[in-house]
Amino acid sequence: MDLAESIVREAERIGFDMAGTAAVEASPHAGALRRWLASGHAAGMSWMAARETERVDPRTAMPEAKSVIVVGLSYFSENPPPEMWNDPCRGRVARYAWGADYHDVMLPMLKELESFVMAETGAKAFSRAYVDTGPVLERDVAERAGLGFTGKNTNLISREFGSYVFIGEILTAAEIGNSKLEMGKSSCGACARCLSACPTGALAEPRVLDARKCISYLTIEHRGVIPVELRRAMGNWIFGCDECQQVCPWVIQHARRGKQRFLKFSADTCAPRLDELLAMDDGAFRERFKGTPVLRTKRSGLVRNAIIAAANSGDRRFFQSLEKLACDPDSAIRETAKWAMADGQ
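Calculation rules
Residues numbered from 1 in each chain as written. Predicted model: local features only at pLDDT ≥ 70, side-chain atom pairs only at ≥ 80, totals over all residues. Heavy atoms only, no water. Helix = DSSP H or I, 4+ residues; strand = E, 2+ residues; numbered from the N terminus. Expected span 1.5 Å × (residues − 1). Buried < 20%, exposed > 50% of the residue type's maximum accessible area, 1.4 Å probe, protein only. Contact = heavy atoms within 4.5 Å. Core = buried A, V, L, I, M, F, W, Y, C linked by side-chain atoms within 4.5 Å. 1 Å grid on protein atoms, 1.4 Å probe; cavity = no way out; pocket = protein on both sides within 12 Å on 5 of 7 lines; lining within 4 Å. Points joined across faces, edges and corners; volume = space filled by probe spheres on them. Nonpolar A, V, L, I, M, F, W, Y, C, P; charged D, E, K, R; others polar. Salt bridge = Lys/Arg side-chain N within 4 Å of Asp/Glu carboxyl O. Pairing = 2+ DSSP bridges. Axes fitted to C-alpha atoms, helices over the stretch in contact; angles between N-to-C directions. Disulfide = S-S within 2.5 Å. Phe/Tyr/Trp six-rings, centres within 6.5 Å; stacked < 30°, edge-to-face > 60°. Lys NZ or Arg CZ within 6 Å of the ring centre and 35° of its normal. Parallel < 35°, antiparallel > 145°, perpendicular 65-115°, else oblique.

Enquirer: Can you help me understand helix α1 (residues 3-14) in this one?
Expert: At 3.6 residues per turn, the α-helix brings residues three or four places apart onto the same side. The end-to-end C-alpha separation of α1 is 16 Å, in line with the 16 Å expected for 12 residues at 1.5 Å each. All of the buried residues along α1 are A4, S6, I7, V8, E10, A11 and I14. Lining the buried residues of α1 we find β1 (18-23), β2 (67-74) and α6 (102-121). Where α1 terminates, the next one or two residues include G15, which has phi positive at roughly 130°.

This is how it looks when you write it as structure tokens:
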């Protein structure tokens, strides 16, 4: 058994669903990244441009890096009950946030794999582990390691698990070589369901996402008010969006649960009642969503999103809550509540 194969087996023993290795090299998609940044498609994610050079070639940040180990963890969970998921008086949370924060789950697993690599290659094999926090083009290296291909919706798509997959990587100074995973010529073909399904038209063209219109970006990363022209299209998504994934034939046919079972549908966290969200103060928000990715949007963002969902529901029972929120100390909440009262109810 060569080193690459032993690392892949150890990753699977630890609990990852997929693993592969590849040599560290400059990204062949550097030009596409620069064009994407120059077009403004990164919206307010200034950190993307701040470490552009390192993303294009990780050796800029870690000159000794020779190999990258890429792991995948399926986060598929069974579809929620339709009567809850389709209830306009409940908010929708993207599937990846249906439980514990994946960073907290994956990083200890990566550290265990990192220790194995160090033991196999010697202490001199300096390494760094990342779960979407380092300057690495994750889908790029995942493709080269054989985990999947990048679909038209910009997600990594696996033949085994579809696109509901978390990615992590270890950059190491060890000479590992390429694993023997083979993706063949898998691709999206002529299918463009994801482009048609995007409610806001954020998929400007195949494999080009305009974050300025993306519901996931707007509900999670964006601070302040959301552009008025995009609010109706958000429906009842209050944290993230899975529209472009759930229509994908690869997902429909291949998505399945993996080894880890830390995500599951629970109405209180995955499809919470909007009236409860609108009534939350900061303490209630932190208590309800502690340990989950939803904390990233802060109370300001989640309540702002819930106001938009309430307006989109057309249910006037929310009006009293909106009146109160129109006087909230948070400016984004105040402005959104006033819009909802004037135009959304």
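Enquirer: Would you explain the nonpolar core in this entry?
Expert: The nonpolar side chains of soluble globular proteins are, as a tendency, buried together. Core analysis: the largest hydrophobic core is formed by 97 residues, its most contacted members being F16, Y96, L113, F166 and I307. In this view, F16 contacts A11, V71, G72, L73, M106, M109, L110 and K259; residues no more than four positions away in its chain are not counted. Core analysis: the next-biggest nonpolar cluster, separate from the first, contains 18 residues, A65, A145, V165 and L171 among them.

Enquirer: I keep staring at empty space enclosed by the protein and nothing clicks. Help me out?
Expert: Over the atoms rolls a probe the size of a water molecule, and in doing so it shows where empty space is left. In total, this model carries two cavities of 30 Å³ or more according to the counting rule given. Counted as a void, the largest cavity has a volume near 40 Å³. What lines the largest cavity is S74, Y75, F76, R257, Q260, R261, F262 and L263. Residues of the lining of the largest cavity, tallied by class, amount to four nonpolar, two polar and two charged. Within this model, the second largest cavity holds a volume of roughly 30 Å³.

Enquirer: Help me understand the pattern of salt bridges, please; the structure alone is not making it clear to me.
Expert: Pairing is possible between side chains of opposite charge, provided their charged atoms come close. For the structure on display, the rule yields 22 salt bridges. Three or more residues joined by partner-sharing salt bridges are found here, namely R273, D275, E276 and R288.

Enquirer: I keep staring at the sheet that holds β2 and nothing clicks. Help me out?
Expert: Each strand in a sheet pairs with another by means of backbone hydrogen bonds, the pair being arranged parallel or else antiparallel. Taking strand neighbours across the sheet as the criterion, the four strands line up as β1-β2-β7-β4 in an open arrangement whose pairing is antiparallel. Edge positions in the sheet fall to β1 and β4 (127-130), since each of these pairs with one other strand and no more. Sheet twist, expressed as the average angle between the axes of neighbouring strands with direction ignored, equals 15°. Inspection of the sheet shows β1 paired to β2 by six bridges, in the antiparallel sense. Residue pairing in the sheet places M18 in a bridge with G72 of β2. Contacts from α1 reach β1 and β2 within the one sheet, and its direction differs from that of β1 by about 150°. Running over the sheet, α6 touches β2, β4 and β7 (165-172) and is turned about 35° from β7.

Enquirer: Teacher, can you tell me more about the state of the cysteines here?
Expert: A covalent bond between the sulfur atoms of two cysteines is referred to as a disulfide. One pass over the full model with this rule turns up zero disulfides. The closest cysteine sulfur to the non-disulfide-bonded C244 is located on C194, 6.3 Å from its own sulfur.

Enquirer: Before we go on, may I ask you to explain the packing of aromatic side chains in this structure?
Expert: The relation between two aromatic rings is expressed through the spacing of the ring centres and the mutual angle of the planes. Going through the model one piece at a time under the given rule, you end up with 14 aromatic pairs. A centroid spacing of 6.2 Å and a plane angle of 25° characterise the contact between F166 and F262, whose relative ring orientation is stacked. Taken as a pair, F166 in strand β7 and F262 in the loop between α12 (249-254) and α13 (267-270) lie far apart in primary sequence, 96 residues in all. Per residue, the accessibility class of F166 equals that of F262, and both read buried. Put simply, the rings of Y75, F76, Y96, Y102, Y164, F166, F239 and F262 touch in pairs and so form one group of aromatic residues. Between R231 and the ring centre of W339, over which it is positioned, the NZ or CZ distance is 4.9 Å.

Enquirer: When you look at the packing of helix α15 (residues 282-289) against helix α16 (residues 298-313) in this model, what are you seeing that I'm missing?
Expert: Any two packed helices are characterised by the angle at which their axes cross and by the distance between the axes. Relative to each other, α15 and α16 sit at 90°, their axes nearing to 9 Å. Classed by the angle they form, the pair α15 and α16 counts as roughly perpendicular. Here D282, F285 and F289 of α15 come into contact with α16, specifically with K298, R299 and L302. Class assignment of the residues belonging to the contact of α15 with α16 gives a composition of three nonpolar, no polar and three charged.

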